[in-house]
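Understanding the architecture of this molecule
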Amino acid sequence: MSLGWDLHGDGKTVADGAVVRPTERLSWPRTIGLGAQHVVAMFGATFLVPIITGFPPTATLFFSGVGTMLFLVITGNRVPSYLGSSFAFIAPITAATAAGTTGSALFGILATGLLLALVGGVVLLTGAGWIDALMPPVVTGSIVALIGLNLAGAATTNVEVSPWVALVTLAAVLLIAVGLKGMAARLSVLLGVVVGYVVAAVAGVVDFAPVRDAAWLGVPDFATPTVSWTVLPAFLPVVLVLVAENVGHVRTVAHLTGDEEVNARTGRALLADGIATTLAGAGGGSGTTTYGENIGVMAATRVYSTAAYWVAAIVAVLLSLSPKFGALVNTIPAGVLGGVTVALYGLIGVVGIKIWVDNRVDLNRPVNQFTAAVALVIGIGDLTLDLAPGSDVVTVTGIALGSVAALVVYHGMSAVERLRG
């Protein structure tokens, strides 16, 4: 892998119809500016996950930056992507910390990362065709949708803590999304949090004492996992979402750059995200995934240079070295989180539906109808089963059961359909 980039044209402009490829760059001042845009694009979602789950923001930000660097190295500097916090981990982390400790949740993240890395290794050896067969769009869309909608109860619980602050925050998100244009509109969630936070601060519900007491510079709040096999049923289905997100990201970049060779890096991308997630779980961060928000930045600028992502990753690591920044993030009150997650979790559900629409899934076909129907009801209703291997009680949550149901229903009904002829 080479960390050198060819200068695109004069390094200042991108001609109509042209793109700056991953192996190219603009001038360094422009590249640094583009890297800053990627930081802004990833920041809203990346810092929300630790706030919602109670994880240290500084550790999560640190591992997102380090994970991005690892991703770029492992993919040969050919797949531009930022590895930010995955929302698919919110539900299992919340369940694990409620029933145990942060250490057990970190063990679940670590195990998920190892499994994803294993999938990446298999794809490197066999190709990605089997993933398409195992997870067609109706299955992928159902799993993504049920993960978002499964979290609806957590969002409304936070709203109930401070309904007026939540309402102001939600209204700000909605108005910014339609009232502004370009990057500002894409950052409606982040800007909505800022508006809600200001309102909460004026109302006197924000305690700034921890921010005053925190140091400007310091080591991120690292933590270590605690072995807990009982959390794995809640975490391992997240691998299905991470696979879908990574594969979708690689294919989108290949399409937008017109470089099909990028698709050949699918196995490397999965392996890289698996290693990054494993490292995060080992040190106190949340699991990572490739970020669609940053694809939007690239599509708008037509600059796909991986150099900009090195800039973003370095900035993220530097921010993580400020305990005062972490303390400030932790002061965001429940009402603000409630308002923003009502929109955010709903959007995750809508992304699942969008997968159906974009892939023209025929919902008149019984196989597709029942795959979606059964998986969504199990996930949204959060059907939970307690199993008892030995003396330990293993709780299988709605996300795990819904994900398994999507796979079993689709492939089971498809097999019967083929036998029927």
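Preceding this section is the structure that the text describes.
Scope of this entry: the structure provided in the associated data block.

**Side note on the overall build of the chain**
- Check the secondary structure of the chain and you find 20 helices and six strands.
- Radius of gyration (C-alpha) of the chain: 21 Å, near the 22 Å computed for a compact globule of 421 residues.
- Across its three principal axes, the chain shows a C-alpha extent of roughly 65 × 50 × 45 Å.
- When the 421 residues of the chain are sorted by exposure, 54% land in the buried category.
- For the chain, restricting intrachain contacts to residue pairs at least 6 apart in sequence, the fraction spanning at least 24 positions comes to 80%.
- Between the centroid of the 18 positive side chains of the chain and the centroid of its 21 negative side chains there is a distance of 9 Å.

**Re the pattern of salt bridges**
- Following the criterion strictly, the structure yields five salt bridges and no others.
- Put simply, Glu261 and Arg265 hold a salt bridge, and the shortest N to O gap is 3.3 Å.
- With a relative accessible area of 13%, Arg265 lands in the buried category.
- With a shortest N-O distance of 2.5 Å, Arg365 and Glu417 are connected by a salt bridge. Here the residue Arg365 occupies a position in the loop between helix H18 (334-358) and helix H19 (366-380), and Glu417 occupies one in helix H20 (residues 398-420), the gap between them amounting to 52 residues.
- On the accessibility criterion, Arg365 (26% relative accessible area) is partly exposed.

**Digging into the packing of helix H13 (residues 238-257) against helix H14 (residues 266-283)**
- Where H13 contacts H14, the axes come no closer than 10 Å and their chain directions differ by 135°. It follows that H13 is oblique to H14 by the angle criterion. When you trace H13 past H14, the crossing you get is right-handed. Contact with H13, carried on its side by Leu242, Val243, Asn246, Val247 and Val250, involves Thr266, Ala269, Leu270 and Asp273 of H14 and no other residues of that element.
- Residue composition of the contact of H13 with H14, by class: six nonpolar, two polar and one charged.

**Considering unusual backbone geometry**
- One non-glycine residue, Arg360, lies in the positive phi region at around 50°.
- You can see Arg360 is positioned in the loop between H18 and H19.
- For Arg360, a relative accessible area of 76% translates into the label exposed.
- With a phi angle near 50°, Asp382 is a residue other than glycine that sits in the positive phi range.
- Assignment of secondary structure puts Asp382 in the loop between H19 and strand S5 (385-387).
- By relative accessible area, Asp382 is classed as partly exposed at 35%.

**A look at the packing of aromatic side chains**
- Inspection of every chain in the model, using the stated rule, returns seven aromatic pairs.
- When the ring of Tyr197 is compared with that of Phe208, the centres are 6.3 Å apart and the planes differ by 80°; the resulting orientation is edge-to-face. Placement of Tyr197 in helix H10 (residues 188-202) and of Phe208 in the loop between H10 and helix H11 (209-213) is noted, with a sequence separation of eleven residues between them.
- One Lys or Arg, Lys324, reaches over the ring of Trp216 and ends 5.0 Å from the middle of that ring.

**As for a nonpolar patch on the surface**
- A grouping of Leu115, Leu118, Val122, Trp130, Leu134 and Leu236 is seen on the molecular surface, where their side chains present a nonpolar patch of about 450 Å² in accessible area.
- Elements that contribute at least two residues to the nonpolar patch include exactly helix H4 (102-126) and helix H5 (129-134).
- Note on placement: Leu134 falls in helix H5.

**Examining the packing of H19 against H20**
- Relative to each other, H19 and H20 sit at 165°, their axes nearing to 8 Å. The orientation of H19 with respect to H20, classified from their angle, is roughly antiparallel. Of the two elements, H19 crosses H20, and the hand of that crossing is right-handed. Of H20, the residues touching H19 (which contributes Pro366, Val367, Asn368, Phe370, Thr371, Val374, Ala375, Ile378 and Gly379) are Gly398, Leu401, Gly402, Ala405, Ala406, Val409, Tyr410, Met413, Ser414 and Glu417.
- Across the contact of H19 with H20, the residue classes break down as twelve nonpolar, six polar and one charged.

**Observations regarding helix H8 (residues 163-179)**
- Here H8 spans 23 Å end to end across 17 residues, near enough to the 24 Å set by a 1.5 Å rise per residue.
- Among the residues making up H8, those that are buried are Val165, Ala166, Thr169, Ala172, Val173 and Ile176. The buried residues of H8 occupy an angular sector of 125° when the element is viewed end-on, so they sit on one face. Looking at H8, the residues exposed on the side facing more than 90 degrees away from the buried face are Trp164, Leu175, Val178 and Gly179.

**Quick look at the side chain of Arg265**
- With respect to the helices, strands and loops of the structure, Arg265 is situated in the loop between H13 and H14.
- Of the polar contacts made by the side chain of Arg265, one reaches the side chain of Glu261; its length is 3.3 Å.
- When neighbours within four sequence positions are excluded, Arg265 is seen to be in contact with Thr75, Gly76, Arg78 and Val79.

**A closer look at the nonpolar core**
- Within the largest apolar cluster, 100 residues are counted, with the highest numbers of intra-cluster contacts made by Met42, Phe47, Leu48, Phe87, Phe235, Val243 and Ile332.
- The biggest single contributor to this core is H13, with ten residues.
- For Leu48, the contacting residues outside a window of four places in its chain are Phe87, Val189, Val193, Leu337, Val340 and Leu344.

**Here we look at the environment of Thr277**
- Summarising the element assignment, Thr277 is placed in helix H14.
- For Thr277, a relative accessible area of 0% translates into the label buried.
- Along the sequence, Thr277 and Gly248 sit 29 residues apart, while their C-alpha atoms lie 18 Å from each other.
- If near-sequence neighbours (up to four positions away) are discounted, Thr277 is found in contact with Phe89, Ile109, Gly113, Gly287 and Thr288.

Rules of the game
- Residues numbered from 1 in each chain as written.
- Predicted model: local features only at pLDDT ≥ 70, side-chain atom pairs only at ≥ 80, totals over all residues.
- Heavy atoms only, no water.
- Helix = DSSP H or I, 4+ residues; strand = E, 2+ residues; numbered from the N terminus.
- Rg over C-alpha atoms; globule rule 2.2 N^0.38 Å.
- Buried < 20%, exposed > 50% of the residue type's maximum accessible area, 1.4 Å probe, protein only.
- Contact = heavy atoms within 4.5 Å.
- Lys, Arg positive; Asp, Glu negative; His and termini not counted.
- Charge placed at Lys NZ, Arg CZ, Asp CG, Glu CD.
- Salt bridge = Lys/Arg side-chain N within 4 Å of Asp/Glu carboxyl O.
- Axes fitted to C-alpha atoms, helices over the stretch in contact; angles between N-to-C directions.
- Parallel < 35°, antiparallel > 145°, perpendicular 65-115°, else oblique.
- Left-handed = near helix turned anticlockwise from the far one by under 90°.
- Nonpolar A, V, L, I, M, F, W, Y, C, P; charged D, E, K, R; others polar.
- Phe/Tyr/Trp six-rings, centres within 6.5 Å; stacked < 30°, edge-to-face > 60°.
- Lys NZ or Arg CZ within 6 Å of the ring centre and 35° of its normal.
- Patch = residues over 30% accessible without salt bridge, like charges linked within 9 Å, V, L, I, M, F, W, Y side chains within 5 Å.
- Areas by Shrake-Rupley, 256 points an atom, 1.4 Å probe, with all protein chains shown as cover.
- Expected span 1.5 Å × (residues − 1).
- Arc of directions from axis to C-beta.
- Polar contact = N/O pair within 3.5 Å; in protein donor to acceptor, adjacent residues only side chain to side chain.
- Core = buried A, V, L, I, M, F, W, Y, C linked by side-chain atoms within 4.5 Å.

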